Amino acid sequence: MLFLCSLLFTIPSCTKDFEGLNVNKGDISDEDLSKDGAEAAFLLPVMMNNIVSTSTGVQTQQNLQAESYAGYLEAPSNFLGNVNTTTYMTRGIWANSYNISANGVMNNWLTMKKKGFDVKYPDLYAVALIIKSAAGQRLVDTFGPFPYSKFGDTAEPKFDSPQQAYAAIFLDLEQAVKSLLEAEKVNPAADMARFKKWDRSTLGGEYTKWIKLANTLRLRMALRISVVDAAKGRAEAEKALLPENGGVLDATTGSFAVSSSTGTNPYFTMSTAWSDTRISAAIVTYLEGFGDPRLTAYALPAKDPVLNGSFRGIRPGVDRPTKAIYENYSQYNVTANMPVKVVDLAESYFLKSEGALRGWNVGSGTAQQFYEGGVRASIAANGVSGADTYLQSTTTQLAYVDPKRPAYNSPPLTTNVVKWDEGADLETKLEKIITQKWIAVFPEGTEGWSEFRRTGYPKQYHIMAPQNPALPLGTFIKRLTYPTAVVTASQAAYNEAVAAFLGGKEDESVKFYWMK
């Protein structure tokens, strides 16, 4: 089964927004809306649910794109005759990768801005800015040019370059942190009164934790531009980590994850009821090769009789004449009531590890200490043990063996190991850091894919059945193309952005801004 319903590229009505809350705006009185900022706060759960969609719309938002490209999850199903996003054909199909966040997040932020809630409720508006920043960064990292700073200015807003969009997101995050710090200073209980009941996330409505989320996003973006604009990246990272700015997500705060409005994790539906997603090959070969205790937290043993209860993932972008070939390879180990993870608690440790590796001021600690701290935090958060032993591991990624398709077999892609080696060169250390971050943030595909495009790590299997002439066998996809509705609705702005920021070529092979 495939979720093909896409959102219209228009501003949704307030009634539609309330569908995500399982309430009807007509049932809420004007008096109720005026209490404790409810007229602004009621939009926030809708926005949270559309950074990474917590409905089955996530299948065409990122499961069949970024999660495949990141080497996390792969479809056993043969969608559109195998000419689809997993085989690098993105033009004109599955617009949710753009529309879900553009409509569910950006449009609702715009409603808050136009209603003057930035002035009337600066704390609630700050939360909206953090959500907008999280969604906006993902849109930029997926497509490149995006009208982030000009969204809603006109019916046909000009696109920002990725660099301009990043600069605007940095400013939004800075403003949000300042506003929430001020709110905490004025009334530390305001978040519990005004926001807690609306917060669908694991942050529990606490402004101090939302501040940490904002700083983590800022730190993430700073490292993303660490090569292309080292001075800007370092400045933003060091601001994000100033003690007076409130800190970052870590083992004490937990991850930022959002509960589904339906009560059921969409990955559970896609994996069990639909049998439309399975573990990707790299997760198994890396984790099993390293002796990683998280493998059983992430994946289930394969049910295919030829695999004898072992773990086996699907190589990305393969030929799938029928679902039956790979349907009984390893499933994602997800439960129905699990919230959808957006930002992992361990990410900040690896960001600081890379920052320290680059000589930035990221606080007290070495690259090794932050690296090992991230591994420990991730292992603990996944409910498994064995971090001490794992951190001494010197075994390598396994070869990939596909008993159904021997032509898809692959030798190990790397000889890097888990154990830190202080005498190794920068690139070897960077590969360790990014590989462990990739393991920790599973299955958040947009982040995993972005880091692969930035650094080349962890080394990934190329797809085996490419359908895009611009990306022949052995190459990797760099971006998605814009949905048809975006192109036709903003033809002049689109043409200008392609010419100015994509070298005049709007296809999946084009690199932009921070890419290696």
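In case you missed it, the structure is sitting above this.
Reference entry: report on the structure contained in this document. (Residues numbered from 1 in each chain as written. Predicted model: local features only at pLDDT ≥ 70, side-chain atom pairs only at ≥ 80, totals over all residues. Heavy atoms only, no water.)

**Let's talk about the overall build of the protein chain**
Step number 1: Per the secondary structure count, the protein chain includes 23 helices and 4 strands.
Step number 2: The globule rule puts the C-alpha radius of gyration for 516 residues at 24 Å, and the 22 Å found for the protein chain is close to it.
Step number 3: Summarising its shape, the C-alpha atoms of the protein chain cover approximately 65 × 50 × 45 Å along the three principal directions.
Step number 4: Evaluated residue by residue, the protein chain yields a buried proportion of 60% over its 516 residues.
Step number 5: Considering only intrachain contacts with a sequence separation of at least 6, the fraction spanning at least 24 residues in the protein chain is 77%.
Step number 6: Summed over its atoms, the accessible surface of the protein chain is roughly 18,300 Å², and 55% of this surface lies on carbon and sulfur atoms.
Step number 7: The centroid of the 51 positive side-chain charges in the protein chain is displaced by 2 Å from the centroid of its 52 negative side-chain charges. (Helix = DSSP H or I, 4+ residues; strand = E, 2+ residues; numbered from the N terminus. Rg over C-alpha atoms; globule rule 2.2 N^0.38 Å. Buried < 20%, exposed > 50% of the residue type's maximum accessible area, 1.4 Å probe, protein only. Contact = heavy atoms within 4.5 Å. Areas by Shrake-Rupley, 256 points an atom, 1.4 Å probe, with all protein chains shown as cover. Lys, Arg positive; Asp, Glu negative; His and termini not counted. Charge placed at Lys NZ, Arg CZ, Asp CG, Glu CD.)

**Quick look at the environment of A381**
Step number 1: Tracing the sequence through the fold places A381 in helix α18 (residues 367-381).
Step number 2: A C-alpha to C-alpha distance of 24 Å links A381 and T272, two positions 109 residues apart in sequence.

**What about the pattern of salt bridges?**
Step number 1: Summed over the entire model, instances satisfying the criterion amount to 31 salt bridges.
Step number 2: Linking R218 and E236 is a salt bridge whose minimum nitrogen-to-oxygen distance equals 2.7 Å. On the criterion of sequence distance, the pair formed by R218 in helix α12 (residues 207-224) and E236 in helix α13 (residues 230-240) is long-range, its members being 18 residues apart. Neither residue differs from the other here; R218 and E236 are each classed as buried.
Step number 3: Across the pair E427 and K516 runs a salt bridge whose closest N-O atoms are separated by 4.0 Å. Separated by 89 residues along the polypeptide, E427 in helix α20 (residues 426-441) and K516 in the segment after α23 (491-501) bring together distant segments of the chain.
Step number 4: Exposure remark for K516: the relative accessible area of 54% places this residue in the exposed category.
Step number 5: Here the residues in one salt-bridge network are D141, R220, R224, E347, E354, R358, K437, E447, E451 and R454, joined through shared partners. (Salt bridge = Lys/Arg side-chain N within 4 Å of Asp/Glu carboxyl O.)

**Things to note about the packing of aromatic side chains**
Step number 1: In total, this model carries 29 aromatic pairs according to the counting rule given.
Step number 2: Look at Y98 and F143: their rings are 5.2 Å apart centre to centre, the planes differ by 75°, and that puts the pair in the edge-to-face class. Here the residue Y98 occupies a position in helix α7 (residues 96-114), and F143 occupies one in helix α9 (residues 122-143), the gap between them amounting to 45 residues.
Step number 3: Using a relative accessible area of 1% as the deciding quantity, one classes Y98 as buried.
Step number 4: Taken together, a centroid distance of 5.6 Å and an interplanar angle of 85° make the contact between Y166 and Y513 edge-to-face. Taken together, the residues span a long stretch of sequence, with Y166 in helix α10 (residues 162-186) and Y513 in the segment after α23 at a distance of 347 residues.
Step number 5: Ring pairs connect the aromatic residues Y72, Y267, Y286, F290, Y298, Y332, W438 and F442, which therefore count as one cluster.
Step number 6: Of note, K132 hangs over the ring of Y148, and the distance from its end group to the ring centre comes to 4.3 Å. (Phe/Tyr/Trp six-rings, centres within 6.5 Å; stacked < 30°, edge-to-face > 60°. Lys NZ or Arg CZ within 6 Å of the ring centre and 35° of its normal.)

**Re the packing of helix α17 (residues 347-357) against α18**
Step number 1: At a closest axis distance of 8 Å, the pairing of α17 and α18 adopts a crossing angle of 165°. Of the possible angle classes, the one that applies to α17 and α18 is roughly antiparallel. Crossing hand, α17 versus α18: left-handed. Here Y349, F350, K352, S353, A356 and L357 of α17 come into contact with α18, specifically with A367, F370, Y371, G373, G374, V375 and A377. (Axes fitted to C-alpha atoms, helices over the stretch in contact; angles between N-to-C directions. Parallel < 35°, antiparallel > 145°, perpendicular 65-115°, else oblique. Left-handed = near helix turned anticlockwise from the far one by under 90°.)

**Remarks on the side chain of S348**
Step number 1: Position of S348 relative to the elements: it lies in helix α17.
Step number 2: Taking relative accessible area as the criterion, S348 reaches 1% and is therefore assigned buried.
Step number 3: Apart from residues lying up to four places away in sequence, S348 is in contact with T216, L219, V248, L249 and D250.

**Details of the packing of α12 against α17**
Step number 1: Orientation of α12 relative to α17, taken along the N-to-C sense of each, is 40°, at an axis distance of 10 Å. Taken together, the axes of α12 and α17 are oblique relative to one another. Classified by chirality, the crossing of α17 by α12 is left-handed. Taken together, the residues of α17 that come into contact with α12 (itself represented by T216, L219, R220 and L223) are E347, S348, L351, K352, E354 and G355.

**Digging into unusual backbone geometry**
Step number 1: In this chain, F442 is followed by P443 through a cis amide linkage whose omega measures 0°.
Step number 2: Along the polypeptide, P443 turns up in the loop between α20 and α21 (445-455).
Step number 3: Of note, the amide linkage connecting Y457 to P458 takes the cis form, showing an omega dihedral of -15°.
Step number 4: Mapped onto the elements of the fold, P458 is located in the loop between α21 and α22 (484-489).
Step number 5: Its identity as a non-glycine residue notwithstanding, Y513 has a phi of 45°, on the positive side.

**Examining the environment of I433**
Step number 1: With respect to the secondary-structure elements, I433 resides in helix α20.
Step number 2: Placed 199 residues apart in sequence, I433 and R234 show a C-alpha to C-alpha distance of 18 Å.
Step number 3: Not counting chain neighbours up to four residues away, the residues in contact with I433 comprise F350, S353, E354, L357, Y371 and W420.

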